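Summary of structural features
Here's the letter readout for the chains.
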Amino acid sequence: MRLVASQVAPDALITEEIRLSIDVYRKMPKAISNSKKKLQQALSGELRPTTKPRHRQSSKRH
């Protein structure tokens, strides 16, 4: 990995601010997907997740 990184590295270091945005997609819980009413609410955006994903698990590559 170091070899590849050294081959594609820019000549100068990045000195300005950078932004990172991550979209996390998770499976819908069975309690929601089994209920037509809750499923419709979730798909329309009325029903939102009540827990946040743990960032360490979200950032792992699969």
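Residues numbered from 1 in each chain as written. Predicted model: local features only at pLDDT ≥ 70, side-chain atom pairs only at ≥ 80, totals over all residues. Heavy atoms only, no water.

1. As for the overall build of the protein
Each helix and strand in the protein was counted, giving four helices and zero strands. Seen in sequence order, the protein has helices and strands lined up from the N terminus as α-α-α-α. Residues classed as buried in the protein amount to 2% of the 62 residues present. (Helix = DSSP H or I, 4+ residues; strand = E, 2+ residues; numbered from the N terminus. Buried < 20%, exposed > 50% of the residue type's maximum accessible area, 1.4 Å probe, protein only.)

2. Description of a nonpolar patch on the surface
Side chains of L20, I22 and V24 sit close together on the surface and give an oily, nonpolar patch of about 330 Å² of accessible area. Assessed through its relative accessible area of 75%, L20 is described here as exposed. (Patch = residues over 30% accessible without salt bridge, like charges linked within 9 Å, V, L, I, M, F, W, Y side chains within 5 Å. Areas by Shrake-Rupley, 256 points an atom, 1.4 Å probe, with all protein chains shown as cover. Salt bridge = Lys/Arg side-chain N within 4 Å of Asp/Glu carboxyl O.)

3. A closer look at the pattern of salt bridges
Applying the stated criterion across every chain, the model contains one salt bridge. The salt bridge partner of E17 is R19, with a shortest N-O separation of 4.0 Å. Comparing E17 with R19, the two get one shared label, exposed.

4. What about the confidence of the model for the protein?
Across the protein, the average pLDDT comes to 82, with 82% of residues at 70 or higher. Mean pLDDT in the protein bottoms out at helix α4 (residues 55-58), which sits at 61, and peaks at helix α3 (residues 36-44), which reaches 90. (pLDDT = per-residue confidence, 0-100.)

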